[in-house]
Amino acid sequence: MLNIGCHLSSVRGYEAMGKEALSISANTFQFFTRNPRGGDVKPMNIADAEALNKLLKENNFARVLAHAPYTLNLCSADSGIREFAKRIFAEDLARMEYIEQGMLNFHPGSHVKQGVETGITFIVDALNGILSKEQKTLVLLETMAGKGSEVGRNFEELAEIIKRVELNEKLGVCLDTCHVHDAGYDIVNALDSVLEEFDKVIGLSRLKAIHLNDSKNPLGSHKDRHEVIGGGFIGLSALVNVINHPQLSHLPFYLETPNELPGYAEEIKLLRKHFNEK
Ligand code: FE
Ligand code: FE
Ligand code: ZN
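Residues numbered from 1 in each chain as written. Chains lettered and ligands numbered in written order. Predicted model: local features only at pLDDT ≥ 70, side-chain atom pairs only at ≥ 80, totals over all residues. Heavy atoms only, no water.

### Section: the state of the cysteines
One way to say it: the disulfide is the covalent bond shared by the sulfur atoms of two cysteines.
Here's step 1: The full count for this structure, using the stated rule, is zero disulfides.
Here's step 2: Lacking any disulfide linkage, cysteine 75 is separated from the closest cysteine sulfur, that of cysteine 174, by 18 Å.
Here's step 3: Overall, cysteine 75 belongs to the buried group, its relative accessible area being 0%.
Here's step 4: The cysteine cysteine 174 is free of any disulfide, with cysteine 178 supplying the nearest cysteine sulfur at 12 Å. (Disulfide = S-S within 2.5 Å. Buried < 20%, exposed > 50% of the residue type's maximum accessible area, 1.4 Å probe, protein only.)

See the structure below:
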């Protein structure tokens, strides 16, 4: 069974997203914890979260994934921005505790002119202040394309963060196919060696989710512009290899392609058709 879903809008609440996922033959989904540009959040609706949990269970969903706002920057040079990011992160994590088997994905951050070492230190310090033994939610670091001064442009940077976080049993990695391709990892011609490298540097047991996207730009472009499945430089056959790879096929896949709901429905149908059931 291919575990696949797409990014959905959370404006109508948790259970509504579950129903929307079902309507497009998805068995998981991703959503923003709040406005992707940061800022306000609706009060937590526990009854709605419980209604979603029931739906997830009844329909055998794979783990759902929340995505922190893009603007959240745990390694900003500005201490006010770092403190704000930590507060948002902690709030979003607390809210995710109401979702069974939930995961929270975030972009490690942008170090701007401070250098990657300083950036990593701020991210590690923030996570050490936020993660708790009691939390059930798994926190995922996303692999980044390396545009600007993004931290997480290679596997080594993510490994360094994980190594230095005390409660790193609460951490995993979300691999974004567009981002790793744009970062220079050739998943089109050398998927096996990319995964070997991931295993050697981070450990494949850390890999908990895949953002499945095509890319508008060539290998190593450091751009991060998502394309619809089969419409970009990665292409359909390479993405079909990703979902069928023996080391990946059990993972949940989340589409973040430039689509509205009907486009996502088509992509899910296409990918299910190309998935080899075992
Ligand atoms: Fe992302
Ligand atoms: Fe992504
Ligand atoms: Zn992206």
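Anyway, onward from the coordinates.
### Let's talk about the coordination of the iron ion (ligand 2)
Here's step 1: Coordination sphere of the iron ion (ligand 2), protein contribution only: Glu142 (OE), Asp176 (OD), His211 (ND1) and Glu256 (OE), at 2.0 to 2.2 Å.
Here's step 2: In primary-sequence terms, the residues that donate to the iron ion (ligand 2) follow E-x33-D-x34-H-x44-E.
Here's step 3: Taken as an interatomic distance, the gap from the iron ion (ligand 2) to the iron ion (ligand 1) is 3.3 Å; glutamate 142 donates to each of them. Taken together, the residues glutamate 142 in strand S6 (residues 138-142) and glutamate 256 in the loop between strand S12 (252-255) and helix H9 (261-273) connect sequence positions 114 residues apart.
Here's step 4: With relative accessibility at 1%, the residue glutamate 142 sits in the buried group.
Here's step 5: For glutamate 256, a relative accessible area of 12% translates into the label buried. (Donors = N, O, S within 2.8 Å, 3.2 Å for Na, K, Ca; no water. Helix = DSSP H or I, 4+ residues; strand = E, 2+ residues; numbered from the N terminus.)

### Quick word on the packing of helix H4 (residues 116-130) against helix H5 (residues 155-164)
Here's step 1: Relative orientation of the contacting elements H4 and H5 amounts to 40 degrees, with a least axis distance of 9 Å. It follows from the interaxial angle that H4 and H5 lie oblique. Crossing of H4 against H5: the hand is right-handed. For the pair H4 and H5, the contacting residues are Val116, Glu117, Ile120, Thr121, Ile123, Val124, Leu127 and Asn128 in the first and Glu157, Glu160, Ile161 and Arg164 in the second.
Here's step 2: Residues that form the contact of H4 with H5 fall into these classes: six nonpolar, two polar and four charged. (Axes fitted to C-alpha atoms, helices over the stretch in contact; angles between N-to-C directions. Parallel < 35°, antiparallel > 145°, perpendicular 65-115°, else oblique. Left-handed = near helix turned anticlockwise from the far one by under 90°. Contact = heavy atoms within 4.5 Å. Nonpolar A, V, L, I, M, F, W, Y, C, P; charged D, E, K, R; others polar.)

### Considerations on the pairing of strand S4 (residues 103-106)
Here's step 1: Judged by which residues are buried, S4 turns out to be covered on both faces: Met103 and Asn105 on one side and Leu104 and Phe106 on the other are all buried.
Here's step 2: As paired strands, strand S3 (residues 65-67) and S4 are joined by three bridges and run parallel to one another. Its bridge partner being in S4, alanine 66 is matched across the sheet by leucine 104.
Here's step 3: With respect to chirality, the unit in which S3 leads through helix H3 (residues 79-96) into the neighbouring parallel S4 is right-handed. (Pairing = 2+ DSSP bridges. Right-handed = clockwise from strand over helix to strand, strands pointing away.)

### Brief notes about the nonpolar core
Here's step 1: Formed by 77 residues in total, the largest nonpolar core has its most connected members in Phe29, Phe89 and Leu212.
Here's step 2: Excluding residues that lie within four positions of it along the chain, phenylalanine 89 makes contacts with Leu72, Leu74, Leu104, Phe106, Leu127, Ile130 and Val139.
Here's step 3: Residues Leu65, Leu138, Leu140 and Ala209 belong to the second largest nonpolar core, which totals seven residues. (Core = buried A, V, L, I, M, F, W, Y, C linked by side-chain atoms within 4.5 Å.)

### Focus: the coordination of the zinc ion (ligand 3)
Metal coordination angles in their ideal form are 109.5 degrees for the four-donor tetrahedron and 90 or 180 degrees for the six-donor octahedron.
Here's step 1: All of the protein donors around the zinc ion (ligand 3) are His179 (NE2), Asp224 (OD) and His226 (NE2); their distances to the metal are 2.0 to 2.3 Å.
Here's step 2: For the zinc ion (ligand 3), the single-chain donor residues occur in sequence as H-x44-D-x1-H.
Here's step 3: Separating the zinc ion (ligand 3) and the iron ion (ligand 1) is a distance of 5.0 Å. Highlighted residues: histidine 179 in helix H6 (residues 177-183) and histidine 226 in strand S11 (residues 226-227), separated in sequence by 47 residues. You'll find histidine 179 and histidine 226 in the same group, each marked buried.

### Remarks on helix H7 (residues 191-201)
Here's step 1: Among the residues of H7, Leu191, Val194, Leu195 and Phe198 are the ones counted as buried. What you see down the axis of H7 is that its buried residues fit within an arc of 95 degrees, all on one side. Every exposed residue of H7 that faces more than 90 degrees away from the buried side is listed here: Asp192, Glu196 and Lys200. (Arc of directions from axis to C-beta.)

### Quick word on the packing of aromatic side chains
Here's step 1: Summed over the entire model, instances satisfying the criterion amount to six aromatic pairs.
Here's step 2: Taking the centre distance of 6.0 Å and the plane angle of 85 degrees together, the rings of tyrosine 14 and phenylalanine 31 count as edge-to-face. In this pair, tyrosine 14 sits in helix H1 (residues 14-23) while phenylalanine 31 sits in strand S2 (residues 30-32), placing the two residues 17 residues apart along the sequence. Both residues of the pair, tyrosine 14 and phenylalanine 31, count as buried.
Here's step 3: Judged by centre distance (4.9 Å) and plane angle (80 degrees), the rings of phenylalanine 89 and phenylalanine 106 are edge-to-face. Highlighted residues: phenylalanine 89 in helix H3 and phenylalanine 106 in strand S4, separated in sequence by 17 residues. In this pair, the class of phenylalanine 89 matches that of phenylalanine 106, namely buried. (Phe/Tyr/Trp six-rings, centres within 6.5 Å; stacked < 30°, edge-to-face > 60°.)

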